[in-house]
Amino acid sequence: MVTSVTSLGRNGLSDWLVQRVSAVLLAVYTVVVLGWLIAQGEVTYEAWSGFMGCLVMQIANTFMIVAVGAHAWVGLWTVTTDYLTTRQIGAAGTVVRLIAQLVIALLTLVYVLWGLVIIWGGV
Amino acid sequence: MKVSIYRYNPETDREPYMKEYEVDTGGKDLMVLDVLNLVKEQDDSMGYRRSCREGVCGSDGMNINGKNGLACITPLSAAAPGVLEGKKALILRPLPGLPVIRDLVVDMTMFYNQYEKVQPYLQNNTPAPAIERLQSPEDREKIDGLYECILCACCSTSCPSFWWNPDKFLGPAALLQSYRFLADSRDQATDERLGKLDDPFSLFRCRGIMNCVSVCPKGLNPTRAIGHIREMLLERAV
Ligand code: SF4
Ligand code: SF4
Ligand code: FES
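Because the structure is a prediction, the values reported are computed rather than measured. (Residues numbered from 1 in each chain as written. Chains lettered and ligands numbered in written order. Predicted model: local features only at pLDDT ≥ 70, side-chain atom pairs only at ≥ 80, totals over all residues. Heavy atoms only, no water.)

Q: Tell me about the overall build of chain A, and name the residues and values.
A: On a plain count of helices and strands, chain A comes out with five helices and zero strands. Traced from its N-terminal end to its C-terminal end, chain A shows the element sequence α-α-α-α-α. For 123 residues, the compact-globule estimate of 2.2 N^0.38 gives 14 Å, and chain A exceeds it by more than 25% at 18 Å. Sorting the 123 residues of chain A into buried and exposed places 31% on the buried side. On chain A, roughly 7500 Å² of surface is accessible, and the fraction owed to carbon and sulfur atoms is 76%. For chain A, the separation between the mean place of its 4 positive charges and that of its 4 negative charges on side chains is 26 Å. (Helix = DSSP H or I, 4+ residues; strand = E, 2+ residues; numbered from the N terminus. Rg over C-alpha atoms; globule rule 2.2 N^0.38 Å. Buried < 20%, exposed > 50% of the residue type's maximum accessible area, 1.4 Å probe, protein only. Areas by Shrake-Rupley, 256 points an atom, 1.4 Å probe, with all protein chains shown as cover. Lys, Arg positive; Asp, Glu negative; His and termini not counted. Charge placed at Lys NZ, Arg CZ, Asp CG, Glu CD.)

Q: Mind laying out the interface of chain B and chain A, listing which residues take part and the relevant values?
A: On the side of chain A, 19 residues touch chain B, which itself brings 23 residues to the contact. In this assembly, chain B packs against chain A so that about 1900 Å² is buried in total across both faces, 63% of it on carbon and sulfur atoms. The largest share of the area that chain B buries against chain A comes from W164(B), P200(B) and R205(B), three residues that together contribute 31% of it. Seen at the junction of chain B and chain A, the total is two salt bridges. (Contact = heavy atoms within 4.5 Å. Buried area = accessible area lost by both parts, 1.4 Å probe. Salt bridge = Lys/Arg side-chain N within 4 Å of Asp/Glu carboxyl O.)

Q: With reference to specific residues and values, describe unusual backbone geometry.
A: Leaving glycine out, the prevailing phi sign among residues is negative, and the prevailing peptide bond configuration is trans. Residues and elements named next belong to chain B. In this structure, L151 takes a positive phi of about 55° despite not being glycine. Within the secondary structure, L151 is located in the loop between α4 (137-141) and α5 (160-164). One non-glycine residue, A153, lies in the positive phi region at around 75°. The topology assignment puts A153 in the loop between α4 and α5.

Q: Describe the site of ligand 2, listing the residues and the values that go with them.
A: Taken together, C149(B), I150(B), L151(B), C152(B), A153(B), C154(B), C155(B), A173(B), L176(B), C216(B), P217(B) and K218(B) make up all the residues around ligand 2. For the shell around ligand 2, the class distribution of residues is eleven nonpolar, no polar and one charged. (Near = heavy atom within 4 Å. Nonpolar A, V, L, I, M, F, W, Y, C, P; charged D, E, K, R; others polar.)

Q: Describe the packing of helix α1 (residues 12-40) of chain A against helix α2 (residues 45-53) of chain A, listing the residues and the values that go with them.
A: All names here are of chain A. The interhelical angle for the contact between α1 and α2, taken along N-to-C directions, is 145°, at an axis separation of 12 Å. Handedness of the α1/α2 crossing: right-handed. From α1, Y29, V33, W36, L37 and Q40 reach across to α2, where they touch A47, W48, F51 and M52. Among the residues making up the contact of α1 with α2, the classes are represented as eight nonpolar, one polar and no charged. (Axes fitted to C-alpha atoms, helices over the stretch in contact; angles between N-to-C directions. Left-handed = near helix turned anticlockwise from the far one by under 90°.)

Q: Give me the packing of aromatic side chains: which residues, what numbers.
A: Applying the stated criterion across every chain, the model contains nine aromatic pairs over all chains. Chaining the aromatic ring pairs together yields one cluster made of W36(A), W48(A) and F51(A). Here the guanidinium or amino end of K168(B) rests over the ring plane of F201(B), the centre of that ring lying 5.1 Å away. It is R180(B) that lies over the ring of F181(B); its NZ or CZ is 4.2 Å from the centre. (Phe/Tyr/Trp six-rings, centres within 6.5 Å; stacked < 30°, edge-to-face > 60°. Lys NZ or Arg CZ within 6 Å of the ring centre and 35° of its normal.)

Q: Outline helix α1 (residues 32-42) of chain B, listing residues and values.
A: Buried within α1(B) are the following residues: V32(B), L33(B), V35(B), L36(B) and V39(B). Buried residues in α1(B), looked at end-on, bunch into an arc of 155°, giving them a common side. (Arc of directions from axis to C-beta.)

Q: Any chance you could break down the sheet that holds strand β2 (residues 17-22) of chain B for me, citing the residues and the numbers?
A: Pairing between sheet strands relies on hydrogen bonds along the backbone, with the strands arranged either parallel or antiparallel. All names here are of chain B. Pairing in this open sheet of five strands is mixed, and the strands run β2-β1-β5-β3-β4 from one edge to the other. Each end of this open sheet is capped by a strand with a single partner; those strands are β2 and β4 (67-70). For this sheet the average axis-to-axis angle between neighbouring strands, irrespective of direction, equals 30°. Pairing geometry for strand β3 (residues 61-64) and β4, over four bridges, is antiparallel. If you follow G61 over to β4, its bridge partner there is L70. Seen against the sheet, α1 touches β1 (2-7), β2, β3 and β5 (90-93) and runs at an angle of roughly 85° to β5. (Pairing = 2+ DSSP bridges.)

Written out as structure tokens, the structure is:
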């Protein structure tokens, strides 16, 4: 009933799924990393870098960075369409919202790419 | 007891203000609507809506000490504990988020527009049987907790998502009615109905805040109905 060209999937169901699936991924990742930290006791640079450098963690980190990016985009897109609207802030609403969405999209993209470079750059 | 009422007449007032009244209930735990009637005797310029005065018509939804409800079935003791003892005032405001026509009367057009969008009527193109379309008792049970809605708007006007996007997000009341027909075994428009709900706003703007559930004077649960529709959408898509 409502179309929105700036939404990720242009579809509420896919946005919703993206957010739920990425949330589950992030939760599992957090538990695994926390578990490792606790099991490790004292964490040295070598241990940390060895752990993060192994192939399994490189793949996990890749999923993780994409999940963070997708989760953040869907969430912040929702926030902008709730609060940065003509109803909330007057006539400039649409322009302000577009600019905010552009900035958020660019930042998200840069962070994801930068993250990928960090993860795979050392190979 | 003290009563504080939101007053606004767009023709004469530059902005809304709260007006204090002193009302004698004889110590009785009256309904909020009874108190409004007593205020009206003092000051007949104060406007509010009511009709059935027994929680059936849905016309006297208002914000009572911060919580939406029907004035006619909300006793003072529940609305504002301590108000009879003079410890605090009864505070009445119009339903939040809708334009105020005057005092406690709001313009419900946006609310009804959303209701209209969900096509709240049975759609079935098979020839009508001689007597009526029968349902099994089990199928009939599926619309319990849905058909009882009186469209008082207490839920939608307590929902932040509806405040921010009242033109795009259908709101709990309309979504509850949408599910009422999706769940009806006699309705055949399931697919078209679902097809209109899968954009990012109409249904998915619900963030599960559950304000709607906590205020519904009929004890209905729009959040659960929204969850059921989401499951139907998911099933249809995968
Ligand atoms: S559960 Fe959904 S519909 Fe109900 S108040 Fe919260 S956001 Fe609004
Ligand atoms: S669901 Fe409850 S609160 Fe909402 S309009 Fe219907 S009766 Fe009123
Ligand atoms: S007057 Fe009808 S519901 Fe309160």
